[in-house]
Amino acid sequence: MATTLISGGTVVTATGRSAADVLVDGEKIAAVLAPGSTLLGHDLAGSVDTVLDATGKYVIPGGIDAHTHMQMPFGGTEASDTFETGTRAAAWGGTTTIVDFAIQRYGERVMDGLAAWHEKAAGECAIDYGFHQIIGDVNDDSLKAMETLPDEGVSSYKLFMAYPGVFYSDDAQIYKAMRVGAETGLMTMMHAENGPAIDAMVTELLAQGKTDPYYHGVARAWQMEEEATHRAIMLANLTGAPLYVVHVSAKPAVEQLAAARDNGQNVFGETCPQYLYLSLEDQLGAEGFEGAKWVCSTPLRSRHEHHQDHMWQSLRTNDIQMVATDHCPFCMKGQKDMGVGDFSKIPNGIGSVEHRMDLMYQGVVDGKISLERWVEITSTTPARMFGMYGTKGVIAPGADADVVIYDPNGHTSIGLEKTHHMNMDYSAWEGYEIEGHVDTVMSRGRVVVNNNEYLGSKGHGQYVRRATSQYLV
Ligand code: URP
Ligand code: ZN
Ligand code: ZN
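In this text the structure is predicted, and so the values were computed from the model without any measurement.

A. Structural view of unusual backbone geometry. Geometrically, the link from Ser297 to Thr298 is a cis peptide bond, its omega value of -5 degrees lying close to zero. Positive phi is not limited to glycine here, since Asn451 has a value of about 45 degrees. By the element assignment, Asn451 lies in the loop between β24 (446–450) and β25 (453–454). Despite not being glycine, Asn452 shows a phi value in the positive range, around 65 degrees. By secondary structure assignment, the location of Asn452 is in the loop between β24 and β25. The exposure class assigned to Asn452 is exposed, which follows from its relative accessible area of 54%.

B. A look at the coordination of the zinc ion (ligand 2). Bound to the zinc ion (ligand 2) are the protein donor atoms Lys158 (NZ), His191 (ND1) and His247 (NE2), situated 2.2 to 2.3 Å from the metal. The distance between the zinc ion (ligand 2) and the zinc ion (ligand 3) comes to 3.9 Å. Of this pair, Lys158 sits in strand β15 (residues 156–160) while His247 sits in the loop between β17 (243–245) and α9 (251–262), and the two are 89 residues apart along the sequence. Classification of Lys158 by relative accessible area gives buried; the value is 2%.

C. Representation of the packing of helix α5 (residues 171–184) against helix α8 (residues 222–239) in the model. In the contact formed by α5 and α8, the axes pass within 9 Å of each other and the chain directions differ by 45 degrees. In terms of their interaxial angle, α5 and α8 are classed as oblique. The two elements α5 and α8 cross, and the hand of that crossing is right-handed. Residues Asp171, Ile174, Tyr175, Met178, Arg179 and Ala182 of α5 form the contact with α8, whose participating residues are Arg231, Ala232, Leu235, Ala236, Leu238 and Thr239. Grouping the amino acids of the contact of α5 with α8 by side-chain chemistry returns eight nonpolar, one polar and three charged.

D. Seen up close, the site of ligand 1. Taken together, 14 residues form the shell around ligand 1, and within it Lys158, His191, Ser297, Asp326 and Asn348 come nearest. A distance of 3.0 Å is found between an oxygen atom of ligand 1 and a side-chain nitrogen or oxygen belonging to His191. A distance of 2.7 Å is found between a nitrogen atom of ligand 1 and a backbone nitrogen or oxygen belonging to Ser297. In the complex, the protein chains occlude 100% of the 270 Å² of accessible area that ligand 1 would expose alone. One can see that ligand 1 is located within the largest cavity. Tallied by class, the residues present in the shell around ligand 1 amount to five nonpolar, seven polar and two charged.

E. Quick look at the pattern of salt bridges. A complete count under the given rule lists 23 salt bridges for this structure. Notably, a salt bridge pairs Asp141 with Arg109, separated by 2.8 Å at the nearest N-O pair. Taken together, the residues Asp141 in helix α4 (residues 140–146) and Arg109 in the loop between β13 (95–104) and α3 (110–121) connect sequence positions 32 residues apart. Between Arg220 and Glu193 there is a salt bridge, and its shortest N-O distance comes to 2.9 Å. Separated by 27 residues along the polypeptide, Arg220 in the loop between α7 (214–219) and α8 and Glu193 in the loop between β16 (187–191) and α6 (195–207) bring together distant segments of the chain. Across the pair, exposure class does not vary: Arg220 and Glu193 are buried alike. One salt-bridge network, in which partners are shared between bridges, spans Glu27, Lys28, Asp128, Lys392, Asp400, Asp402 and Arg444.

F. Structural context of the sheet that holds strand β5 (residues 28–33). Spatial ordering of the open sheet is given by β5-β4-β1-β8, a layout of four strands whose pairing is mixed. The open sheet has two free edges, formed respectively by β5 and β8 (50–53), since each of these has just one partner strand. Across the sheet, the mean angle separating the axes of adjacent strands is 20 degrees when strand polarity is ignored.

G. Geometry of the packing of aromatic side chains. In this structure the tally under the stated criterion is 20 aromatic pairs. Taking the centre distance of 5.7 Å and the plane angle of 65 degrees together, the rings of Tyr129 and Phe131 count as edge-to-face. Like Phe131, Tyr129 is buried. Geometry around Trp117 places Lys120 over its ring, the cationic atom sitting 4.0 Å from the centre.

What counts and how
- Numbering of residues starts from 1 in each chain and follows the order in which that chain's sequence is written.
- Written order determines the labels here, with chains lettered from A and ligands numbered from 1.
- Note on the predicted model: pLDDT of at least 70 is required for a residue's local features to be given, and 80 or more for side-chain atom pairs to be given and counted; whole-chain, interface and lining totals, by contrast, use all residues.
- In computing side-chain properties, one takes all heavy atoms of the structure into account and sets aside hydrogens as well as water.
- Segments assigned H or I by DSSP are reported as helices when at least four residues long, segments assigned E as strands when at least two residues long, and all are numbered from the N terminus.
- For every residue, the accessible area obtained with a 1.4 Å probe (protein chains only) is divided by the maximum for its type, and the residue is called buried under 20%, exposed over 50%, and partly exposed between those limits.
- Each metal's donors are the N, O and S atoms within 2.8 Å of it, or within 3.2 Å when it is Na, K or Ca, and because water is not part of the set, sites may look incomplete.
- Helix axes use the C-alpha atoms of the stretch in contact, all axes being lines fitted to C-alpha atoms, and the angles between their N-to-C directions lie in the range 0 to 180 degrees.
- For classification purposes, angles smaller than 35 degrees are called roughly parallel, those larger than 145 roughly antiparallel, those between 65 and 115 roughly perpendicular, and all remaining angles oblique.
- Note: crossing handedness is left-handed where the near helix turns anticlockwise from the far helix by less than a right angle, and right-handed where it turns clockwise.
- Whether two residues are in contact is decided by their heavy atoms: any pair within 4.5 Å suffices.
- Basically, the charged four are Asp, Glu, Lys and Arg, the nonpolar ten are Ala, Val, Leu, Ile, Met, Phe, Trp, Tyr, Cys and Pro, and anything else, Gly included, counts as polar.
- A single heavy atom is enough: if one lies within 4 Å of a molecule or strand, its residue is considered near that molecule or strand.
- Any pair of nitrogen or oxygen atoms within 3.5 Å is treated as a polar contact; in protein, a donor-acceptor pairing is required on top of that, and neighbouring residues in sequence qualify only through side-chain atoms on both sides.
- Surface exposure here means Shrake-Rupley accessible area, sampled with a 1.4 Å probe, where a residue is shielded only by the protein chains that are shown.
- Buried and open spaces are told apart on a 1 Å grid over the protein atoms alone, a cavity being a set of points where a 1.4 Å probe fits but cannot get out and a pocket being an open set with protein on both sides within 12 Å along at least five of seven lines. Residues with an atom within 4 Å of a point are the lining residues.
- Grid points define the cavity or pocket, and a molecule sits in it when more than half of its atoms lie within 2 Å of them.
- Here, a salt bridge means any side-chain nitrogen of Lys or Arg that lies within 4 Å of a carboxyl oxygen of Asp or Glu.
- Strand pairing is assigned whenever DSSP identifies at least 2 bridges connecting the two strands.
- Under the pairing criterion, centres of Phe, Tyr and Trp rings, with the six-membered ring standing for Trp, must be within 6.5 Å; the plane angle then separates stacked pairs below 30 degrees from edge-to-face pairs above 60, leaving the rest tilted.
- In this analysis the charged atom, NZ for Lys or CZ for Arg, is taken to sit over a ring once it is within 6 Å of the ring centre and within 35 degrees of the ring normal.

So yeah, pure geometry; function would need other evidence.
Written as structure tokens, this is what we have:
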């Protein structure tokens, strides 16, 4: 078993920072030691196979992106990152675990959907991966199957209040699924937007000749997110289901979550970098068809309504618990351009899996979150939320050696020609400058990225069998 000493760095966890050396033995962290420690009188640096010098740098647990859609069939096409390309890009950006969504489509069986996603991912991934289960057809058979998801290492499932005719569940279906979710100890993940009302508005806007990408954001109004979030909270309250609302973008939706949490309810919220940095006017409203690059649901919100500021604030105050990407990339050519002349035909999704750690670190530089909170919202909370903590999300003896050495004095210029390993023909983050840099990424003890060189390989990543959310026990 190869041994590595990460020496001279500042180890940062969700609870603090300290100067420490990290000893890695094989795939695991063996010890976190005072700098320069010896072991039974032996100089450690001289006894290990490899020394990684982290002087002046942060040593953090690898990022966990708990919301990705690799090669997801959606919007008449398929997300352009495969498990191979998407997990490689994730590794480049300091993410060492993803939780992707296996899909049961209408008319299909849940376990067939899960098996299909295992087939797509097995032997392809550069980093470790787990699955949530999308239940796209709530019926007696799928409710039964939900009871067996924990045996498969799947402790969470997602329902959609949006996308009628695709993944949509009505209130009766949500009620039934939540009852099973509550009894089975599953985390209910919710896409909270009122799909039927949104679709009615889409029809109206198109009839008025309002076909540009900007109108995607108009149709998916914040009221539709607030209403659905409230409804999901009430159904969760009734059924006792723990609730995790994905891709929260609207201030009033956060306020619904905060009120429910204040009331003692087990509800949680996730936001994404796009809702912290990008806006309806600046991106969706870009010249011509350019705005299609940023069509995603929930949509980017108006910069005049203070959603972004509130989202940063909520991350600080824990009204929002974590940041995932909702990575669902499509190329402009051949995919997004399906919606020229009709915004409703633009495949919904943005690609960010490579940039989440950097974009959130910029929040530290900008004084919006602390260094420890950065680690918490990008790694530790995702691990706890989705039943991986201890193995993932922490630098401690016994944990997987998923470790990132991050250089606060480094620099990252994001752009298609600069740092871009996602399988997309544009970057949603073109021109963003980050005052920090992912120097080294270790996945289960193996260095997969070092000094701008990729050293990983497909098939290294293993399936992560997840336990019950550690927020529920
Ligand atoms: O626009 C998005 N979010 N695409 C992916 C599917 C989803 O709803 O998460
Ligand atoms: Zn969604
Ligand atoms: Zn998603």
